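Observations on the model geometry
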Amino acid sequence: MKQKSIKLVECPRDAMQGIHDFIPTELKAQYINLLLGVGFDTIDFGSFVSAKAIPQLKDTREVLSKLDLTGTKSKLLAIVANLRGAEEASAFDEISYLGFPFSISETFQRRNTNSGILESVDTVKALLEICDKRQKTAVVYLSMGFGNPYGDPWNTEIVEEWTDRLVGNGVTILALSDTIGVSSPEKIREIVPPLLASFSNIEIGLHLHSTPATRLEKMEAAFDSGCVRFDSALRGYGGCPMAADDLTGNMATEDLIDFFRAKNIHLNLDMEKWTEAVRFSSRIFH
């Protein structure tokens, strides 16, 4: 049986963005440089958004200037929330991916990007044009993909409809995102296999948030459903600042590594560099 080729996306940006005390630029860069040496497919390293909205990441440009990309196989991803950010991020040759959060919850989309869902469709179209012009690739996050806390309409048909519309507009990488930890193994098994079957021509990944107690069963459900692209963060740091449960963070990268090791799936990671990054993380998250 052919081994599944797993893509791991490490997300220090998501892990750091909600921390109140400003993390010095030099520390951020040192940490991300260690992660660049591990061998992840992608590093979600920063965002080109309003400093007022996410003050922690106001130094993304400075961090980028301090990153050592020689010898790494990892590609950089930056989050953008509008076309101004997309234009700015796309000017940097070092960045391969521009990530855009597209929520299927109208309430969250307005809170997150200050625009509604229909306006955001136009933003995605323009983003794809920018990416095409600047030789970048768009990664669209289908956020609130497993439900929302606002009472906005949600069901599997809505997920499929918006996926179809985004793919029809040219999206080639989509990350189904659980913004507040409401995903469950049952929902994953219900939603993911049909999406992978219907949209086999694009890359569909999962960006899940979870409590520590439910991480493993979610990983199992996602892997069994055929998912091969996983977003995670070292020690599960980060998550949505609006989540009601303080324990709801990112999927923990070390749990994913252990999970795939147990299945004898080789990830081709430099575990010495990983150990260094884990040790260094205590200087970032404390």
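Each chain carries its own residue numbering, running from 1 in the direction its sequence is written. At least 70 in pLDDT is required for a residue's local features to be given in this predicted model, at least 80 for side-chain atom pairs to be given and counted, and no such filter applies to totals for whole chains, interfaces and linings, which use all residues. Only hydrogens and water are set aside when side-chain values are computed; all heavy atoms of the structure are taken into account.

Details of the overall build of the protein chain
The helix count covers DSSP runs of H or I at least four residues long, the strand count covers runs of E at least two residues long, and both are numbered beginning at the N terminus. The secondary structure content of the protein chain amounts to 11 helices and 10 strands. Against the globule reference of 19 Å for 286 residues, the protein chain gives a C-alpha radius of gyration of 18 Å, in line with a compact fold. In terms of its C-alpha atoms, the protein chain occupies a principal-axis envelope of roughly 45 × 45 × 35 Å. In the protein chain, buried positions account for 56% of the 286 residues. The method behind every accessible area is Shrake-Rupley, applied with a 1.4 Å probe, and residues are considered shielded solely by the protein chains displayed. For the protein chain, the exposed surface amounts to about 12,700 Å²; the carbon and sulfur share of it is 49%. This radius of gyration counts C-alpha atoms alone. The globule rule is 2.2 Å times how many residues there are, raised to the power 0.38. Partly exposed residues are those whose accessible area sits between 20% and 50% of the maximum for their type, while under 20% is buried and over 50% is exposed, using a 1.4 Å probe and protein chains only.

Re helix α6 (residues 117-134)
Given the number of residues in a helix, its expected span is that number minus one, multiplied by 1.5 Å. The end-to-end C-alpha distance of α6 is 25 Å, a good match for the 26 Å that 18 residues give at a rise of 1.5 Å each. Buried residues of α6: Ile 117, Ser 120, Val 121, Thr 123, Val 124, Ala 126, Leu 127, Leu 128, Ile 130 and Cys 131, and no others. Considering only its buried residues, α6 is in contact with β3 (75-80), α4 (83-90), β4 (95-103), α5 (106-113), β5 (137-143) and α7 (156-168). Gln 135 sits one or two positions beyond α6 and adopts a positive phi of about 55 degrees. Any two residues whose heavy atoms approach within 4.5 Å are treated as being in contact.

Quick word on the pairing of β4
With 8 of its 9 residues buried, β4 lies for the most part within the structure. The criterion for strand pairing is that DSSP finds at least two bridges linking the strands in question. As defined by bridge partners, β3 adjoins β4 across 4 bridges and the pair is classed as parallel. Residue pairing in the sheet places Ile 79 in a bridge with Gly 99 of β4. We call a crossover right-handed when, viewed with the strands running away from us, the connection from the first strand over the helix to the second turns clockwise. The handedness of the β3 to β4 crossover, carried by α4, is right-handed.

Digging into the nonpolar core
When a protein is soluble and globular, its nonpolar side chains tend to lie buried together. Leu 8, Phe 45, Leu 67, Phe 102, Leu 142, Leu 176 and Phe 260 are the most contacted members of the largest nonpolar core, which has 80 residues in total. Leu 77, Tyr 97, Val 139 and Ile 173 belong to the second-largest nonpolar core, a separate cluster that totals 7 residues. The nonpolar core is taken to be a set of buried Ala, Val, Leu, Ile, Met, Phe, Trp, Tyr and Cys residues, with the residues joined through side-chain atoms within 4.5 Å.

Focus: α7
Here α7 spans 18 Å end to end across 13 residues, near enough to the 18 Å set by a 1.5 Å rise per residue. Along α7, the residues classified as buried are Thr 156, Ile 158, Val 159, Trp 162, Thr 163, Leu 166 and Val 167. Buried residues along α7 cover an arc of 160 degrees about the axis, so they all sit on one side. Those residues of α7 that are exposed and aimed more than 90 degrees away from the buried face are Glu 161 and Gly 168. Turning to α7, the residues buried within the fold contact β4, α6, β5, β6 (173-177) and α8 (185-198). By the N-cap criterion, in which a side-chain oxygen at the helix start approaches the backbone nitrogen of a residue two or three places on, α7 is capped by Asn 155, the distance to Glu 157 being 3.0 Å. The arc in question is the one spanned by the directions pointing from the helix axis to the C-beta atoms. Between N or O atoms, a polar contact is any pair within 3.5 Å; within protein, one atom must be a potential hydrogen donor and the other a potential acceptor, and residues adjacent in sequence are included only when both atoms are from side chains.

Observations regarding the packing of aromatic side chains
Pairing of aromatic side chains here covers Phe, Tyr and the six-membered ring of Trp, requires ring centres within 6.5 Å, and sorts the geometry by plane angle: under 30 degrees stacked, over 60 edge-to-face, intermediate tilted. Under the defined criterion, the tally for this structure stands at 10 aromatic pairs. Here the aromatic rings of Phe 223 and Phe 259 are separated by 5.8 Å at their centres, their planes lie at 80 degrees, and the arrangement is edge-to-face. On the criterion of sequence distance, the pair formed by Phe 223 in helix α9 (residues 215-224) and Phe 259 in helix α10 (residues 253-262) is long-range, its members being 36 residues apart. Both residues of the pair, Phe 223 and Phe 259, belong to the buried class. Ring plane angle 70 degrees and centroid distance 5.7 Å describe the contact between Phe 223 and Phe 260, whose orientation is recorded as edge-to-face.

So, the side chain of Lys 136
In this structure, Lys 136 sits in the loop between α6 and β5. The positive count covers Lys and Arg only, the negative count covers Asp and Glu only, and His and the chain ends enter neither. Salt bridges are defined by distance alone: a side-chain nitrogen of Lys or Arg within 4 Å of a carboxyl oxygen of Asp or Glu. Of the side chains with opposite charge, Asp 93 comes closest to the buried, unpaired Lys 136, at an N-O distance of 4.8 Å. In terms of polar contacts, Lys 136 uses its side chain to reach the backbone carbonyl oxygen of Phe 92, at 2.7 Å. Once residues within four sequence positions are removed from consideration, Lys 136 is found in contact with Ser 90, Phe 92, Asp 93, Ile 95, Ser 96, Leu 98 and Cys 131.

Focus on the pattern of salt bridges
Tallied over the full model, the rule gives 13 salt bridges. When salt bridges with common partners are traced through the structure, they connect Lys 7, Glu 203 and Arg 229 into a single cluster.

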